[in-house]
Amino acid sequence: MPHGQRLPEKTPQLSCELCRERKVKCDKLTPCTNCTKSGAECVAIHRKRLPRGRHARPHANPDDDLKKRIHRLESLIDDLSTGRESLRHHERVSPPRPGRWTVD
């Protein structure tokens, strides 16, 4: 194949190893221009692109997270209100005796 032609591939060609290592733009020719200029062997990488951005993670329902947070907050409110009711009940049953507790 003549120099500088693209290969028709089903799996896309990504940047070659040298361009990746140097973090420079690869023109994806065979061999690429950067490898030709440096006299290095051009080792192309052929694989499917990995998903990026909002598609990188498996799609989770955003409502699920909100539901979990709401449930947790409701539980905290219930715990606090139950604690106050218990405290009020305790005060009705046995009122505090004066002079028993001192505050420094």
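As a starting point, this report considers the structure included with it. Position numbers for residues start from 1 in each chain and track the written sequence from start to end. Reporting in this predicted model follows two pLDDT cut-offs: at least 70 for local features of residues, and 80 or more for side-chain atom pairs to be given and counted; totals over whole chains, interfaces and linings ignore these cut-offs and use all residues. Working from all heavy atoms in the structure, the side-chain values ignore hydrogens and water.

**Notes on the overall build of the protein chain**
Only DSSP runs of H or I reaching four residues or more are called helices, and only runs of E reaching two or more are called strands; each is numbered from the N terminus. From N to C terminus, the protein chain includes three helices and two strands. Counted from the first residue to the last, the protein chain has its helices and strands arranged as β-α-α-β-α. Counting only residues that meet the buried cut, the protein chain has 9% of its 104 residues in that class. The protein chains shown are the only cover counted for residues, whose accessible areas, like all others here, come from Shrake-Rupley with a 1.4 Å probe. If you sum the accessible surface of the protein chain, you get close to 9800 Å²; carbon and sulfur atoms cover 54% of it. Each residue gets one of three labels from its accessible area relative to the maximum for its type: buried under 20%, exposed over 50%, partly exposed in between, using a 1.4 Å probe on protein chains only.

**Looking at the nonpolar core**
If you look at the biggest cluster of nonpolar residues, it comprises six residues: Cys16, Leu18, Cys19, Cys26, Cys32 and Cys35. Whether two residues are in contact is decided by their heavy atoms, any of which lying within 4.5 Å being enough. Beyond its immediate sequence surroundings of up to four residues, Cys35 is in contact with Cys16, Leu18, Ala40, Glu41 and Cys42. Here, the term nonpolar core denotes a set of buried Ala, Val, Leu, Ile, Met, Phe, Trp, Tyr and Cys residues that are joined through side-chain atoms within 4.5 Å.

**Details of unusual backbone geometry**
Residue Thr30 is joined to Pro31 through a cis peptide bond whose omega torsion reads -10 degrees. Here Pro31 is to be found in the loop between α1 (17–22) and α2 (33–38). For Lys23, which is not a glycine, the phi torsion comes out positive at approximately 55 degrees. Turning to its location among the elements, Lys23 is positioned in the loop between α1 and α2. Judged by relative accessible area, which is 77%, Lys23 ranks as exposed. Positive phi values are uncommon outside glycine, yet Lys28 reaches one of about 60 degrees. Mapped onto the secondary structure, Lys28 falls in the loop between α1 and α2. Classification of Lys28 as partly exposed rests on a relative accessible area of 22%.

**A closer look at the environment of Cys32**
Looking at the secondary structure, you find Cys32 in the loop between α1 and α2. Taking the relative accessible area as the measure of exposure, Cys32 reaches 0% and is therefore buried. The spacing of Cys32 and Ala44 is 12 residues in sequence and 8.7 Å in space, taken between C-alpha atoms. The contact partners of Cys32, leaving out residues within four places of it in the chain, are Cys16, Cys19, Cys26, Asp27 and Cys42.

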